[in-house]
Amino acid sequence: INWSSMKMIDNKRNHFIKYLKMMGDKYSGQTYEAKAVLLGNAQVGKTCLVNRGVDGIFSDHTKETIGACYSEKLFVFNSQTFKLQLWDAAGQERFKTLVPLYFRNAVVACIVFSVDSRESFNCVDDWLVTLRESKNDIPFIVLVGTKIDLIDDRKVTREEGEKKAEELEFTGYFETSSRTGEGVETFFNFVGKKAYEYSTTKVKTVPVDKGQNLNGD
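Residues numbered from 1 in each chain as written. Predicted model: local features only at pLDDT ≥ 70, side-chain atom pairs only at ≥ 80, totals over all residues. Heavy atoms only, no water.

Enquirer: So what's going on with the pattern of salt bridges? Residues and values would help.
Expert: Evaluated as defined, the whole model comprises ten salt bridges. Residue Glu162 is joined to Arg158 by a salt bridge in which the shortest nitrogen-to-oxygen separation is 3.8 Å. One end of the pair, Glu162, and the other, Arg158, are both in helix α5 (residues 158-167), four residues apart, so they sit about a helical turn from each other. A single network of salt bridges, built from pairs that share partners, joins Arg154, Arg158, Glu162 and Glu175. (Salt bridge = Lys/Arg side-chain N within 4 Å of Asp/Glu carboxyl O. Helix = DSSP H or I, 4+ residues; strand = E, 2+ residues; numbered from the N terminus.)

Have a look at this one:
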């Protein structure tokens, strides 16, 4: 028995059941949705983080993000179905001019770095500048350190990540491993809850830009 394939099928089934529930709520006028964007250097694991959070899967072989990759994660808060729309923006230098296009109407921005890469951590400030210069008023900004399973290769400590998030006045700091799943649900639940609370107190539905769903890095 291929247990990995069985788990993937089970995750897809659960996701579909949630989708049906969401559609039922939509027609009864009870659905809410909001947009979150993930940005950071290439190869820090943004797409792997989304894949683990949305479908519960991990692969060492993901394709390079071109432009952005679109996914959805469903939650239930206060008996209401909430759809978090996730935009995983490309981190390659040649796509940097396109990244701000995906900030529009976002409620949460997640700046992602890899704990085994000092360079990606040092670029957090640059990504914040890119975010600020876009003139989009995003209510919540979260810092995420990925690949914490690479213990022997770690270059950035948790304390450094927490200090950076505090200095830049981010909404929160999280550490995750897409390979093991550690911290992933905690991160997405936090982002989902923040986005839900904002969308239900400010507007019924935060406008979201639909686009091409491409495989990512």
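Enquirer: Describe in detail helix α4 (residues 124-133), supporting the description with residues and values.
Expert: All buried positions along α4 are accounted for by Val124, Trp127, Leu128, Thr130 and Leu131. Take α4 and look down its axis: the buried residues cluster within an arc of 155 degrees, on one side only. Packing partners of the buried residues in α4 comprise β1 (32-39), β4 (106-114), α3 (118-122), β5 (140-146) and α5. (Buried < 20%, exposed > 50% of the residue type's maximum accessible area, 1.4 Å probe, protein only. Arc of directions from axis to C-beta. Contact = heavy atoms within 4.5 Å.)

Enquirer: How would you explain the packing of aromatic side chains if you had to name every residue and give the values?
Expert: Throughout the structure, instances matching the rule amount to 14 aromatic pairs. Geometrically, the ring pair formed by Phe77 and Phe82 is tilted, given 6.3 Å between the ring centres and 45 degrees between the ring planes. Judged by its relative accessible area of 0%, Phe82 falls in the buried class. Arranged with centres 6.2 Å apart and planes meeting at 85 degrees, the rings of Phe140 and Tyr198 form a pair that is edge-to-face. With Phe140 in strand β5 and Tyr198 in helix α6 (residues 184-202), this pair connects stretches of sequence that are 58 residues apart. (Phe/Tyr/Trp six-rings, centres within 6.5 Å; stacked < 30°, edge-to-face > 60°.)

Enquirer: Go over the environment of Ile57 with me, naming the residues and quoting the values.
Expert: As for its position among the elements, Ile57 is in the loop between α2 (46-55) and β2 (68-77). The class of Ile57 is partly exposed, set by a relative accessible area of 24%. Taking the C-alpha atoms as reference points, Ile57 and Gly181, 124 residues apart in sequence, are found 8.9 Å from one another.

Enquirer: An account of unusual backbone geometry is needed here, citing residue identities and associated values.
Expert: For residues besides glycine, phi is generally negative; the peptide bonds are generally trans as well. Phi is positive for Asn105, which is not a glycine, with a value near 70 degrees. Relative to the helices and strands, Asn105 is located in the loop between β3 (80-89) and β4. Within the chain, Lys135 stands out as a residue other than glycine whose phi angle is a positive 65 degrees. Considering the arrangement of structural elements, one finds Lys135 in the loop between α4 and β5. On the accessibility criterion, Lys135 (74% relative accessible area) is exposed.

Enquirer: Kindly report on the nonpolar core, identifying the contributing residues and their values.
Expert: Core analysis: the largest hydrophobic core is formed by 27 residues, its most contacted members being Phe82, Leu84, Leu86, Val108 and Phe187. A total of six residues in this core trace back to one element, the largest contributor, which is α6. Not counting the four nearest positions on each side in its chain, Val108 is found in contact with Lys35, Ala36, Val37, Ile138, Phe140, Val142, Val191 and Ala195. Among the nonpolar cores identified, the runner-up in size contains 26 residues, and Val37, Phe103, Ala109 and Ala165 belong to it. (Core = buried A, V, L, I, M, F, W, Y, C linked by side-chain atoms within 4.5 Å.)

Enquirer: Explain the confidence of the model for the protein to me, and be specific about the residues and the numbers.
Expert: Interpreting fine coordinate detail is not advised for predicted regions of low pLDDT. With 71% of its residues at a pLDDT of at least 70, the protein reaches an overall mean of 82. Per-residue pLDDT stays below 50 along residues 2-6; that stretch engages in one contact with residues further than four places along the chain or on separate chains. Scored below 50 in pLDDT, residues 203-217 makes 55 contacts in the model with residues more than four places away or belonging to other chains. (pLDDT = per-residue confidence, 0-100.)

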